[in-house]
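# Architecture and fold: a report
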Amino acid sequence: MASKLGLRLAPAACGLSTGAPIASRRTLSSLASSRSSALLPRPRLTLPRSKLQQSFRRTYADGPAPEATLSPAAKPKKRFRFLRWMWRITYLSVIASAGYVGYQIWYLRNPAEQFEPDPKKKTIVILGTGWGAVSLLKKLDTENYNVVVVSPRNFFLFTPLLPSCTVGTIEHRSIMEPIRNILRHKKATVKFFEAEATKIDYEKKIVYAKDDSEIKGDKMDAEIPFDMLVVGVGAENATFGIPGVREHSCFLKEVGDAQQIRKKVMDCIETAVFKDQTDDEVKRLLHMVVVGGGPTGVEFAGELQDFFQEDLRKWVPQIQENFHVTLVEALPNVLPMFSKQLIDYTESSFKEEHIDIRTKTMVKNVTEKYIEAESTLPDGTKKTERIPYGLLVWATGNALRPVVKDLMSQIPAQKNSRRGLEVNEYLVVNGTENIWAVGDCAIANYAPTAQVAAQEGAFLARLFNTMAKTDAIEDDLKALSEKQSKAKADERNQILAEINERQKQLRRTKQVGPFQYSHQGSLAYIGAEKAVADVSWFSGNIASGGTMTYLFWKSAYLSMCFSTRNRVLVCLDWMKAKFFGRDVSRE
């Protein structure tokens, strides 16, 4: 019956031996027959305990052996723990940075309420909104003075990145910080007049200012009295009396200069590809000449060559055979403030980038289409030649502004000065008591750089804040002296103790040393994503050049930008220029 149903029952499967009784076999046959008919429920077979134990032992013996318990020392080490921690730190740093930037943006957009200063306090008039003046305003406690700022421009300009604006690597708005954004965040109100200081009357303590804006009002001239005056008007471009420089060349000091250069570069290119232009005229128009081998001239030459290599020759391929940049310098080498190895590195890099360097070459005359230059040959002889150009950028030398010259003429102690206002170790103009000078208009035995001007402004802020505290303590001493003279005998000892305490504070407050310049180093971009740096480090200097220095140059200038707004805009401009290239439109 079981064979007919296709059911095979092995004796061992039921735990029975082959020698089982016949009755048991019949019983199994009947059970199988009952299962097949599905009339009876499935029977439950009960096996002896010994058989179950024997079967379990065989199964356990045939199965895989359980893993041995490992000691803590034998456990495998966790992999990539360092990378996980680095990722967490990076993640948290990004969140913290985003939060900080967000707070700074909110803070800049939401200034607090200001209060009007006491009109009885002294009036400080600050001329200019350059590095020195803005550094002073940033750290000055305006609660102690009535502060007035006079400047023909209502913004602070981050001049180290100005060469990048000439070719569109950075937009000029990104390196401009409105002066009212700075003044509005001071505790006390600061008055600002967009006007040019035309004259300083030292005897009467009055500054005469004139409004030169295109929109004229009923009042264009103003007289601004002062108790203390800070002159930070900077300097003009020096032409050294060379004919034609001011008429035919472009300077590089202001935003308008960068915009003019950017427009003129594209003018030269579009004119050069005009129909039926002669070969000589094409070569002249595409020859860009930079006079001045300092950081400004070197950086502009590098930026201009980058503009050609990365953008111009792609969109205007007709010019790639004739476009040429030449750097002219009267000294034996460029970047004279850098070390010899960095000068050599710069010159070799310019040679690789096909930028000509004409050292020991002095410009004698400038015309509309060429310059006359006198160069010194290796044998010492002089050679005069004409160098045709399409664009001429003059990036060398500083000259005094008329208002500074006029002030110097009023002070007998300044009669022998030629380069600017001579100042003492506290930046007080020699021959005066209440006039200070900072930046390019002052002579303080330091190079006229932005770094020097910024440190001078910060020093003056500390000095003025200290002077305000000193005046307050001296007023308290006078009041206590009068009080002591009228006090009773038992009160005099207490008042005398207060006087001694005030005198100790006065001695501590007056301990302000003279100005000392701390040189942080020099940086310059030389094109092709390379830069040179001569950085002060402890007791020595570190000189480096190359691509890594270029990244350091970027990070250093980014950290020096005045506000978070400027840093964000400059970063976006760099990214835009990297991804989309520079704009080659004319305007």
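Here is a short report on the structure shown in this document. (Residues numbered from 1 in each chain as written. Predicted model: local features only at pLDDT ≥ 70, side-chain atom pairs only at ≥ 80, totals over all residues. Heavy atoms only, no water.)

A word on the overall build of the chain. In terms of helices and strands, the chain carries 16 helices and 25 strands. Expressed as a percentage of its 587 residues, the buried residues of the chain come to 40%. In the chain, once contacts between residues fewer than 6 apart in sequence are set aside, the share between residues at least 24 apart is 65%. A total of about 34,800 Å² of accessible surface is found on the chain, and carbon and sulfur atoms cover 54% of it. (Helix = DSSP H or I, 4+ residues; strand = E, 2+ residues; numbered from the N terminus. Buried < 20%, exposed > 50% of the residue type's maximum accessible area, 1.4 Å probe, protein only. Contact = heavy atoms within 4.5 Å. Areas by Shrake-Rupley, 256 points an atom, 1.4 Å probe, with all protein chains shown as cover.)

Take helix H10 (residues 295-315) next. For H10, which comprises 21 residues, the first-to-last C-alpha distance of 29 Å matches the rise-based estimate of 30 Å (1.5 Å per residue) to within 8%. By the largest-angle criterion, Phe 308 marks the main kink of H10, which is about 45 degrees. (Expected span 1.5 Å × (residues − 1). Bend = angle between axes of the 7 residues up to and from the residue.)

Here we take up the pairing of strand S16 (residues 370-376). Side-chain direction in a regular strand flips from residue to residue, so the side chains alternate between the two faces of the sheet. Only one face of S16 is covered, namely the one carrying Ile 371, Ala 373 and Ser 375; the face carrying Tyr 370, Glu 372, Glu 374 and Thr 376 has none of its residues buried. Pairing geometry for strand S15 (residues 361-366) and S16, over five bridges, is antiparallel. Along S16, the bridge assignment pairs Val 363 with Ala 373. Two successive antiparallel strands, S15 and S16, enclose a turn made up of three residues. Bridging between S16 and strand S17 (residues 382-388) involves seven bridges; their strand directions are antiparallel. (Pairing = 2+ DSSP bridges.)

Glancing now at the sheet that holds strand S21 (residues 435-437). Strand order in this open sheet of five strands is S5-S2-S1-S9-S21, and the pairing throughout is parallel. The open sheet has two edge strands, strand S5 (191-194) and S21, and neither has a second partner. On average, each strand axis in the sheet is inclined to that of its neighbour by 15 degrees, with strand direction left out of account. Summarising the sheet, strand S9 (residues 228-231) and S21 pair through three bridges and their orientation is parallel. Within S21, the residue paired with Leu 229 across the bridge is Ile 435. (Axes fitted to C-alpha atoms, helices over the stretch in contact; angles between N-to-C directions.)

Here we come to the pattern of salt bridges. Within this structure, the stated rule accounts for 14 salt bridges. With a shortest N-O distance of 3.9 Å, Lys 187 and Glu 143 are connected by a salt bridge. Residue Lys 187 is found in the loop between helix H6 (179-183) and S5, and its partner Glu 143 is found in the loop between helix H4 (131-139) and strand S2 (146-151); the two are separated by 44 residues along the sequence. You can call Glu 143 partly exposed: its relative accessible area is 25%. With its nearest N and O atoms 2.7 Å apart, the salt bridge here joins Arg 582 to Asp 311. With Arg 582 in the segment after helix H16 (564-580) and Asp 311 in helix H10, the pair connects residues that are 271 residues apart, well separated along the chain. With respect to class, Arg 582 is no different from Asp 311; both count as buried. (Salt bridge = Lys/Arg side-chain N within 4 Å of Asp/Glu carboxyl O.)

By size, the foremost hydrophobic cluster in this structure holds 125 residues, and its most contacted members are Leu 460 and Phe 464. The leading source of residues in this core is helix H13 (residues 450-486), at nine residues. In terms of domain composition, this core takes at least three residues from each of domain 2 (123-233 + 402-440 + 447-466) and domain 3 (250-399 + 519-580). (Core = buried A, V, L, I, M, F, W, Y, C linked by side-chain atoms within 4.5 Å. Domains from an automatic or database assignment.)

Turning our eyes to something else, we now look at the state of the cysteines. Taken as a whole, this structure holds zero disulfides when the rule is applied. Residue Cys 561 stays outside any disulfide, its sulfur separated by 8.2 Å from that of Cys 571, the closest cysteine. On the basis of relative accessibility, which here comes to 3%, the residue Cys 561 falls in the buried class. Among the residues examined, Cys 571 registers a relative accessible area of 29% and is labelled partly exposed. (Disulfide = S-S within 2.5 Å.)

Here the structure, examined in full by the defined rule, presents 18 aromatic pairs. Relative to Tyr 107, the ring of Tyr 103 has its centre 6.3 Å away and its plane inclined at 25 degrees; by these criteria the two rings are stacked. On the criterion of helical spacing, the pair formed by Tyr 103 and Tyr 107 is a turn pair, its members being four residues apart in helix H3 (residues 81-109). Look at Tyr 103 and you get partly exposed, because its relative accessible area is 46%. Aromatic side chains Tyr 446 and Tyr 517 sit 5.2 Å apart centroid to centroid with 55 degrees between the ring planes, which places their arrangement in the tilted category. Taken together, the residues Tyr 446 in the loop between strand S22 (442-443) and H13 and Tyr 517 in the loop between helix H14 (489-509) and strand S23 (521-527) connect sequence positions 71 residues apart. Ring pairs connect the aromatic residues Trp 131, Phe 156, Phe 158, Tyr 525, Tyr 550, Trp 553, Tyr 557 and Phe 562, which therefore count as one cluster. Positioned above the aromatic ring of Phe 562 is the side chain of Lys 138, whose terminal nitrogen or guanidinium carbon lies 5.1 Å from the ring centre. (Phe/Tyr/Trp six-rings, centres within 6.5 Å; stacked < 30°, edge-to-face > 60°. Lys NZ or Arg CZ within 6 Å of the ring centre and 35° of its normal.)

Let's shift gears to the sheet that holds strand S12 (residues 287-291). Read across the open sheet, the five strands follow the order S11-S18-S12-S13-S14; overall the sheet is parallel. On the outer flanks of this sheet lie strand S11 (250-251) and strand S14 (355-358), each paired with one strand and no other. Both strand S13 (residues 324-328) and S14 contribute to a ladder of four bridges, which runs parallel. For Leu 327, the partnering residue across the bridge sits in S14 and is Ile 357.

A separate point is unusual backbone geometry. Located in the positive-phi region is His 354, a residue other than glycine, with phi close to 65 degrees. With respect to the helices, strands and loops of the structure, His 354 is situated in the loop between helix H11 (340-352) and S14. Judged by its relative accessible area of 56%, His 354 is exposed. At Glu 529, a position not held by glycine, the phi torsion is positive, near 55 degrees. For Glu 529, a relative accessible area of 29% corresponds to the partly exposed category.

Moving on to helix H8 (residues 255-272). One turn of the α-helix equals 3.6 residues, which is why residues spaced by three or four share an orientation. Its 18 residues give H8 an end-to-end C-alpha distance of 26 Å, which sits within 8% of 26 Å, the value for a rise of 1.5 Å per residue. Among all positions in H8, only Val 255, Asp 257, Ala 258, Ile 261, Arg 262, Val 265, Met 266, Cys 268, Ile 269 and Ala 272 are buried.

Moving on, we get to the environment of Arg 284. Mapped onto the elements, Arg 284 comes out in helix H9 (residues 279-285). Owing to a relative accessible area of 13%, Arg 284 belongs among the buried residues under this scheme. Put simply, Arg 284 and Tyr 389 are 105 residues apart on the chain and 5.1 Å apart in space, counted from C-alpha to C-alpha. Those residues within four positions of Arg 284 in sequence are excluded, and the remaining contacts are Glu 368, Lys 369, Pro 388, Tyr 389 and Gly 390.

Right, let's talk about a nonpolar patch on the surface for a bit. Where nonpolar side chains cluster on the molecular surface, the patch consists of Tyr 100, Val 101, Ile 105, Val 568, Leu 572, Met 575, Phe 579 and Phe 580 and spans about 840 Å² of accessible area. In terms of residues, the nonpolar patch owes the most to one element, H16, which gives five residues. Structurally, the position occupied by Tyr 100 is in helix H3. The class of Tyr 100 is exposed, set by a relative accessible area of 52%. (Patch = residues over 30% accessible without salt bridge, like charges linked within 9 Å, V, L, I, M, F, W, Y side chains within 5 Å.)

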